[in-house]
Amino acid sequence: QVQLVESGGGLVQTGGSLRLSCAASGSIFSINLMGWYRRAPGKQRELVATITSGGSTNYADSMKGRFTISRDNAKNTVYLQMNSLKPEDTAVYYCGADPSAYLLRYWGRGTQVTVSS
């Protein structure tokens with residue numbers, strides 16, 4: 001089992017920045033893929049970005065250039081730097097992890113990000 005705990009969410013004004021963190025514990029030796037999804041009110045969950053243990057990244061098109069995912073394997077932590085935030089970025093952001101490189105099956109409880117206009 002893998003446990004994930006997100007932190008760093010909060011309230012920010014349009015154009016501001018936030019950095020989310022997600023620390024993994026438990027069977028961390030098995031983790032390959034880590035990443036972030038988000039769910040906005042009334043919308044389906046959507047991919048934000050993922051990163052493999054080797055550093056390969058994948059972003060949703062709407063996040064490219066504004067969001068940066070990174071990872072510290074020694075700390076078993078994945079980060080999401082979010083810049084130029086917009087009100088439409090308001091959502092609960094969930095951290096995920098998995099032994100595979102293709103999907104995320106372990107999830108954290110999420111952290112709320114609210115961008116005010």
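About the cut-offs
- Residues numbered from 1 in each chain as written.
- Predicted model: local features only at pLDDT ≥ 70, side-chain atom pairs only at ≥ 80, totals over all residues.
- Heavy atoms only, no water.
- Salt bridge = Lys/Arg side-chain N within 4 Å of Asp/Glu carboxyl O.
- Helix = DSSP H or I, 4+ residues; strand = E, 2+ residues; numbered from the N terminus.
- Buried < 20%, exposed > 50% of the residue type's maximum accessible area, 1.4 Å probe, protein only.
- Core = buried A, V, L, I, M, F, W, Y, C linked by side-chain atoms within 4.5 Å.
- Contact = heavy atoms within 4.5 Å.
- Polar contact = N/O pair within 3.5 Å; in protein donor to acceptor, adjacent residues only side chain to side chain.

Student: Mind showing me how you'd approach the pattern of salt bridges here?
Tutor: Two side chains bearing opposite charge may form a pair once their charged atoms approach each other closely. Here the structure, examined in full by the defined rule, presents 5 salt bridges. Two residues, R38 and D89, come together in a salt bridge whose shortest N-O distance is 2.9 Å. One end of the pair, R38, is in strand β4 (residues 33–39); the other, D89, is in the loop between β8 (77–82) and β9 (91–98), and 51 residues separate them in sequence. A residue is classified by how much of its surface remains accessible, and R38, at 6% relative accessible area, is buried. The residue D61 makes a salt bridge to K64 at a minimum N-O spacing of 3.3 Å. Sharing partners across several salt bridges, the network here consists of R38, E46, R66 and D89.

Student: What is the right way to look at the nonpolar core in this model?
Tutor: Of all hydrophobic cores here, the largest spans 29 residues; its most connected members are W36, L80, M82 and Y93. Counting residues per element, the ones that place at least two in this core are β1 (2–7), β3 (18–26), β4, β5 (46–51), β7 (67–72), β8, β9 and β11 (111–116). Setting aside anything within four residues of it in sequence, one finds L80 in contact with L18, R19, L20, W36, V48, F67, T68, I69 and Y93.

Student: I'm lost on the environment of Q112 in this one. Help?
Tutor: Structurally, the position occupied by Q112 is in strand β11. On the basis of relative accessibility, which here comes to 39%, the residue Q112 falls in the partly exposed class. Sequence separation between Q112 and R71 is 41 residues, and the spatial gap between their C-alpha atoms is 21 Å. For Q112, the contacting residues outside a window of four places in its chain are G9, G10, T90, A91 and V92. Among the polar contacts made by the side chain of Q112, one reaches the main-chain carbonyl oxygen of A91 at a distance of 3.4 Å. In this structure the side chain of Q112 is engaged in a polar contact, spanning 3.3 Å, whose partner is the side chain of T114.

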